[in-house]
Amino acid sequence: TMASANAALLLLLCLRWVDAGHFPLSNMYESLLFLSWGISAVHLYLALKVPQSAVAGTLTSPTALGILAFATLILPPELQKATALVPALKSNWLFMHVSVMMMSYATLLVGSLMSFGYLAI
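Quick look at the structure, then. (Residues numbered from 1 in each chain as written. Predicted model: local features only at pLDDT ≥ 70, side-chain atom pairs only at ≥ 80, totals over all residues. Heavy atoms only, no water.)

It is worth spelling out the overall build of the chain at this point. Secondary structure summary: the chain contains 5 helices and 0 strands in total. In terms of overall size, the chain behaves like a compact globule, its C-alpha atoms giving a radius of gyration of 15 Å where 121 residues would be expected to give roughly 14 Å. If you take every contact in the chain between residues at least 6 apart in sequence, the share linking residues at least 24 apart comes to 77%. Per element, the accessible surface of the chain, about 7,500 Å² overall, is 74% carbon and sulfur. (Helix = DSSP H or I, 4+ residues; strand = E, 2+ residues; numbered from the N terminus. Rg over C-alpha atoms; globule rule 2.2 N^0.38 Å. Contact = heavy atoms within 4.5 Å. Areas by Shrake-Rupley, 256 points an atom, 1.4 Å probe, with all protein chains shown as cover.)

Next comes the structure, spelled out in structure tokens:
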């Protein structure tokens, strides 16, 4: 289910945070993992708020899976490695600003998917 996928992505992000020593949003791979987690988190929130709507899962699950598949299978291995932060990113703002922005991207993406689904149905 989506809850287990969300928990697995959260565990992966936490392990990456411990391994790298910084919040895992410093490269494209980590950002895509966080975006997939954000999409699944928004999906779970919608499933709790509107339990009779199953349309959200049919649109968000393939999107999160596609983003995760792209990050894992298409990106070259050198882009998937955790590296040291550049000096410009060694700030508390990385955690606060980038995580809020990525969650807003996930929310916008889910909203766009839902509107496309509404237009198609």
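Aromatic ring pairs: the centre-centre distance and the angle between the two ring planes describe each pair. All chains considered together, the criterion is met by 3 aromatic pairs. Residues W17 and F23 carry aromatic rings whose centres are separated by 4.9 Å and whose planes lie at 85° to one another, so their mutual orientation is edge-to-face. Of the residues examined, W17 reaches a relative accessible area of 37% and is grouped as partly exposed. Of the residues examined, F23 reaches a relative accessible area of 11% and is grouped as buried. Of the aromatic side chains, those joined through ring pairs into one cluster are W17, F23, F34 and W37. (Phe/Tyr/Trp six-rings, centres within 6.5 Å; stacked < 30°, edge-to-face > 60°. Buried < 20%, exposed > 50% of the residue type's maximum accessible area, 1.4 Å probe, protein only.)

Nothing here speaks to function; it is geometry throughout.
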